[in-house]
Amino acid sequence: MALTVKKLINSIEDAYDYYEKKTDWGWFRNLWRDETSGVYDFFELYKNIKGEETKFSEFEKGWDYRNVKHESYSQARIEWINLLIGWY
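The model shown is predicted, which means the values in this text are computed figures rather than measured ones. (Residues numbered from 1 in each chain as written. Predicted model: local features only at pLDDT ≥ 70, side-chain atom pairs only at ≥ 80, totals over all residues. Heavy atoms only, no water.)

Draft legend 1. Main features of the nonpolar core. Counting residues in each nonpolar core, the largest one holds 20 residues, and the members touching the most others are F28, F42, F59 and W80. Elements with a minimum of two residues in this core: α2 (25-33), α3 (39-50), α4 (56-65) and α5 (73-85). For W80, the contacting residues outside a window of four places in its chain are T23, W25, F28, F42, L45, Y46, I49, F59 and V68. (Core = buried A, V, L, I, M, F, W, Y, C linked by side-chain atoms within 4.5 Å. Buried < 20%, exposed > 50% of the residue type's maximum accessible area, 1.4 Å probe, protein only. Helix = DSSP H or I, 4+ residues; strand = E, 2+ residues; numbered from the N terminus. Contact = heavy atoms within 4.5 Å.)

Draft legend 2. Focus on the environment of V68. Position of V68 among the secondary structure elements: in the loop between α4 and α5. Here V68 falls in the buried class, since its relative accessible area comes to 1%.

Draft legend 3. Structural detail: α3. Across its twelve residues, α3 extends 16 Å between first and last C-alpha, which sits within 8% of the 16 Å expected from 1.5 Å per residue. Taken as a whole, α3 has its buried residues at V39, F42, F43, L45, Y46, K47 and I49. One or two steps after α3, the chain reaches G51, where phi turns positive at roughly 120°. (Expected span 1.5 Å × (residues − 1).)

Following this line, the structure appears as structure tokens:
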């Protein structure tokens, strides 16, 4: 059982590292700072990372649970990565 949990933790860490590297943080920061940016603006960044075939409904599920416009930039980054991983 412990080995399975360790594998799960490693796969989560791998996914986190993957999306951390794949995200254009300049683009993200610009959206985060812009008070007028919203769900569709972040969806464009999401598609850039996940692929053009990504459906809006898939993104919207995560958007409803994640606060990527959090007042703290470091927390907003964590929220974004969690949305990309699929933790809602």
